[in-house]
Every structure is written in structure tokens, then in C-alpha cells.
Amino acid sequence: MFWVPAATVLTIMMLTLIVRAIHCKYQGIPVWNNIFQSKAALGAYFLLRFFVLVTLVRSLYLENYQHAFLCLLSLVLFAVPIFLERNLKIKLPATLEIVIFYFIFSAEILGEVNNYYGSIPGWDTILHTINGFLCAAVGFALVDMLNRSQRTKLHLSPVYLSLMAFCFSMTIGVLWEFFEFAGDRLMGLDMQKDFIVSAFSSVTLDPTGGGSVIAVESITRTTIETANGEIFSINGYLDIGIIDTMKDLMVNFIGAVVFSVIGYFYTKNNRKGAIAKQFIPVVLDCGKEDTGDNNL
């Protein structure tokens, strides 16, 4: 009977929205333009937030506190775009907001809680590619803001702007892999997913200890025996995370390159480009700081 917590969550959200709408009406500000850049972004935020809250209630009911933590983390991440807009005085494009909300939901709720990472081939690959694209957009926007500000003496060419965006995206990708590694080692998780392989090469197997590479091919079965007598049999050889890590970094690289190229032509053509404008934030007080074009 999960309709009871779902109805409770929906009622709370509706009351919150009504109070917000009354406040915005009193201030003479459209409710969706006060926080979000479009009705679509507003709808995505409340719809996904509702699903997260229902999942949170269900996880607590089932005493699955790991999933409950992921739900709380998702709610915090949902608030990050709003926090950044208010404190950095920037305006996120509606498309960027919507993609961020769905990305968080797909990664945490669908990917982790509902195990889409394990049940849907390529789910992790798709998300890491999108992550590389989004992080490159954020990195490009941050450097572009500094590049156009009178408060700094930074004047980078389109090539260097794109390079900085690429490096920013790859750095975030590497830091995320560090986080996954730490989670696996310190908390006993399996964030760096394992792969079953049928061949590998290693110098460890060299009986002489001389560092010669020993190739092991056509592996059909591996048996793992623990100290307490547990035995696990695998049809192949278990790769512990290295393939998953490299695959994630490769698709992150692809996403970063794609947006870096888009950003290059966006800057080269005096900030003209329909795609780039959908992902690059606008500085609200840029008119006081820009020396050139005031429209991103």
C-alpha cells in the first residue's frame, strides 16, 4: 500500500507549490521564471522530485538505508542548480536545467536504486558520455565568464577556451573515478563494475620473476576459494574494475570533445550557435563586466 506515502508526498509538494505561487503572485513574478527558466524545467523538477520522495519513503519502509541515502543525495543535487543561480547570479538555460535533473534521476534513482546499470546494457556508458558533455559545458562557461570580465586580465582565444573546457571535464571524470575507487575500497561497494574476460597478460605469472609478459588466453573457468571455505566459480576471469574505469573515461573523453568543438565554433562565430546557447549559463550582471558582446 504505497499509495498512502505517495499521496502524502504529493500533498506536501502541492502545498509547497501553492505557497510559492502565492508568494510570486504577491511579488508580481511568474512562478516558473522566478526559479526556473521554463514551465518544462519546473515540471521536470517537481515530477522527478516526487518520484524521488516516493522512492525514499519506500526505501525507509523496506529498511534499505543505502537506497534512502541515494534518494537524499538526489534531492540535494536537485537543489544545486537553484543554489548556483541565486549565489553566482547566473541564469541556467532551460535545456541545461532539464538535462541536469534527468541526469541526476537516471544516475541515482534509475541507475543505482533500480539497478539499470546492471540490467540495461550501455546505461553507464550513456550517462558517462552525457556527463563529459555537461562538464565541458560548465567548464567552458566558467572560463568564458572570466574571459569576458573586466575584473580579470584573462583573454583566452577560442582554442584555449575549448581546451580548458575539455580539461575541466576530464578532471571531473577522473575525480569521479577516484570517488568510485574509494567507495569500493573503504565501504565495500562495487561502483567500479567488474567484467568477465577470457584473456589477460601479466608479468606476475612469470615463474622466473624476470618481468616477462605471460599471456593467458582462452580462459574457460576461474575458481576462487576464501579462507573460510567459500568457493566461487566464474566462467572466465574476473577483471576488477579496470575495464569499467577506462571505458568510463573514454566515453567522458568523447562527450568532452564534442562540446569543446561546439564551444570553439560558438566563440569563433561571436557567440552564435543554437546548440551552445542551450548549455551555457548567462551572467545576469554581465552588462557591467563585459567588454564585448553581452549575450551568451
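Residues numbered from 1 in each chain as written. Predicted model: local features only at pLDDT ≥ 70, side-chain atom pairs only at ≥ 80, totals over all residues. Heavy atoms only, no water.

**Focus: the overall build of the protein chain**
Next up, step 1: Per the secondary structure count, the protein chain includes 10 helices and eight strands.
Next up, step 2: Taking all contacts inside the protein chain whose residues are at least 6 apart in sequence as the whole, residues at least 24 apart take part in 61%.
Next up, step 3: Total accessible area on the protein chain stands at roughly 17,600 Å², and carbon and sulfur atoms take up 66% of it. (Helix = DSSP H or I, 4+ residues; strand = E, 2+ residues; numbered from the N terminus. Contact = heavy atoms within 4.5 Å. Areas by Shrake-Rupley, 256 points an atom, 1.4 Å probe, with all protein chains shown as cover.)

**Quick word on the environment of Val113**
Next up, step 1: On the secondary structure map, Val113 appears in helix α5 (residues 94-113).
Next up, step 2: Classification of Val113 as buried rests on a relative accessible area of 13%.
Next up, step 3: Along the primary structure Val113 and Cys71 are separated by 42 residues, whereas in three dimensions their C-alpha atoms are 8.5 Å apart. (Buried < 20%, exposed > 50% of the residue type's maximum accessible area, 1.4 Å probe, protein only.)

**Brief notes about the nonpolar core**
For soluble globular proteins, the rule of thumb is that nonpolar side chains tend to be buried together.
Next up, step 1: Of all hydrophobic cores here, the largest spans 43 residues; its most connected members are Phe78, Phe105, Phe140, Phe259, Phe279 and Ile280.
Next up, step 2: Counting only elements with at least two residues in this core, the list comes to α3 (39-61), α4 (65-88), α5, α7 (123-148), α8 (158-187) and α9 (242-268).
Next up, step 3: Setting aside its immediate chain neighbours within four residues, Phe140 contacts Leu161, Ser162, Ala165, Phe259, Gly263, Tyr266, Thr267 and Ile280. (Core = buried A, V, L, I, M, F, W, Y, C linked by side-chain atoms within 4.5 Å.)

**What about the pairing of strand β6 (residues 231-234)?**
Next up, step 1: Sheet topology note: the strand β5 (residues 222-225)/β6 ladder contains four bridges and is antiparallel. Across the sheet, Thr222 pairs through a bridge with Ile234, a residue of β6.
Next up, step 2: Linking β5 back to β6 in an antiparallel pair, the connection comprises five residues, with Gly229 at a positive phi of about 95°. (Pairing = 2+ DSSP bridges.)

**Here we look at the environment of Asn147**
Next up, step 1: Mapped onto the fold, Asn147 is located in helix α7.
Next up, step 2: Using a relative accessible area of 11% as the deciding quantity, one classes Asn147 as buried.
Next up, step 3: Along the backbone, Asn147 and Ser157 are 10 residues apart, and their C-alpha atoms lie at a distance of 9.1 Å.
Next up, step 4: Engagement of the side chain of Asn147 in a polar contact is seen with the backbone nitrogen of Leu156, the distance being 2.5 Å. (Polar contact = N/O pair within 3.5 Å; in protein donor to acceptor, adjacent residues only side chain to side chain.)

**Overview of a nonpolar patch on the surface**
Next up, step 1: Together, Phe253, Ile254, Val257, Val258, Val261 and Phe265 give the surface a local cluster of nonpolar side chains, amounting to about 500 Å² of exposed area.
Next up, step 2: Within the secondary structure, Val258 is located in helix α9.
Next up, step 3: Residue Val258 is classed as partly exposed on the basis of its relative accessible area of 40%. (Patch = residues over 30% accessible without salt bridge, like charges linked within 9 Å, V, L, I, M, F, W, Y side chains within 5 Å. Salt bridge = Lys/Arg side-chain N within 4 Å of Asp/Glu carboxyl O.)

**Section: the packing of α7 against α8**
Next up, step 1: Running from N to C, α7 and α8 cross one another at 130°; their axes reach a closest spacing of 7 Å. Considering the angle they form, α7 stands oblique to α8. Judged by the sense of rotation from one axis to the other, the crossing of α7 with α8 is right-handed. On the side of α7, the interface is formed by His128, Asn131, Gly132, Cys135, Ala136, Val138, Gly139, Phe140, Leu142, Val143, Asp144 and Asn147, while α8 contributes Leu161, Ser162, Met164, Ala165, Phe168, Ser169, Ile172, Trp176, Glu177 and Glu180. (Axes fitted to C-alpha atoms, helices over the stretch in contact; angles between N-to-C directions. Parallel < 35°, antiparallel > 145°, perpendicular 65-115°, else oblique. Left-handed = near helix turned anticlockwise from the far one by under 90°.)

**Examining the confidence of the model for the protein chain**
As a note on interpretation, predicted positions should not be read in detail where pLDDT is low.
Next up, step 1: On average, residues of the protein chain carry a pLDDT of 84, and 84% of them reach 70 or more.
Next up, step 2: When the elements of the protein chain are averaged for pLDDT, helix α2 (residues 31-35) gives the smallest value, 53, and α9 the largest, 95.
Next up, step 3: Low pLDDT (under 50) marks residues 286-296, which in the prediction has 27 contacts with non-local residues, meaning those over four places away or in another chain. (pLDDT = per-residue confidence, 0-100.)

**A closer look at the packing of α3 against α5**
Next up, step 1: Between α3 and α5, whose axes approach to 9 Å, the crossing angle comes to 15°. Between α3 and α5, the angle falls in the class roughly parallel. With respect to the hand of their crossing, α3 and α5 are arranged in left-handed fashion. Of the residues in α5, those in contact with Ala40, Ala41, Ala44, Tyr45, Leu48, Phe51, Val52 and Thr55 of α3 are Glu97, Ile98, Phe101, Tyr102, Phe105, Ile109 and Val113.
Next up, step 2: Within the contact of α3 with α5, the residues separate by chemical class into 13 nonpolar, one polar and one charged. (Nonpolar A, V, L, I, M, F, W, Y, C, P; charged D, E, K, R; others polar.)

**With respect to the packing of aromatic side chains**
Next up, step 1: Per the counting criterion, the structure on display carries 15 aromatic pairs.
Next up, step 2: Arranged with centres 5.2 Å apart and planes meeting at 85°, the rings of Tyr45 and Phe46 form a pair that is edge-to-face. The same class applies to Tyr45 as to Phe46, namely buried.
Next up, step 3: Ring centres of Phe51 and Phe105 lie 6.4 Å apart, and the angle between their planes is 45°; on these two criteria the pair is classed as tilted. Taken together, the positions of Phe51 in helix α3 and Phe105 in helix α5 put the pair 54 residues apart, joining distant regions of the chain. (Phe/Tyr/Trp six-rings, centres within 6.5 Å; stacked < 30°, edge-to-face > 60°.)

**Some words on the environment of Asp239**
Next up, step 1: On the secondary structure map, Asp239 appears in strand β7 (residues 237-239).
Next up, step 2: With 42 residues separating them in the primary sequence, Asp239 and Val197 have C-alpha atoms 6.6 Å apart.
Next up, step 3: For Asp239, the side chain forms a polar contact with the main-chain nitrogen of Ile242, separated by 3.4 Å.
Next up, step 4: A polar atom in the side chain of Asp239 sits 3.1 Å from the backbone nitrogen of Ile243.

**Considering the pattern of salt bridges**
Next up, step 1: This structure, assessed with the given rule, holds three salt bridges.
Next up, step 2: In this structure, the salt-bridge partner of Asp124 is Lys247, at a minimum N-O distance of 3.5 Å. Of this pair, Asp124 sits in helix α7 while Lys247 sits in helix α9, placing them 123 residues apart in sequence.
Next up, step 3: When its relative accessible area of 14% is taken as the criterion, Asp124 is described as buried.
Next up, step 4: The residue Asp248 makes a salt bridge to Lys247 at a minimum N-O spacing of 3.4 Å.
Next up, step 5: Via salt bridges that share partners, Asp124, Lys247 and Asp248 belong to a single interconnected network.

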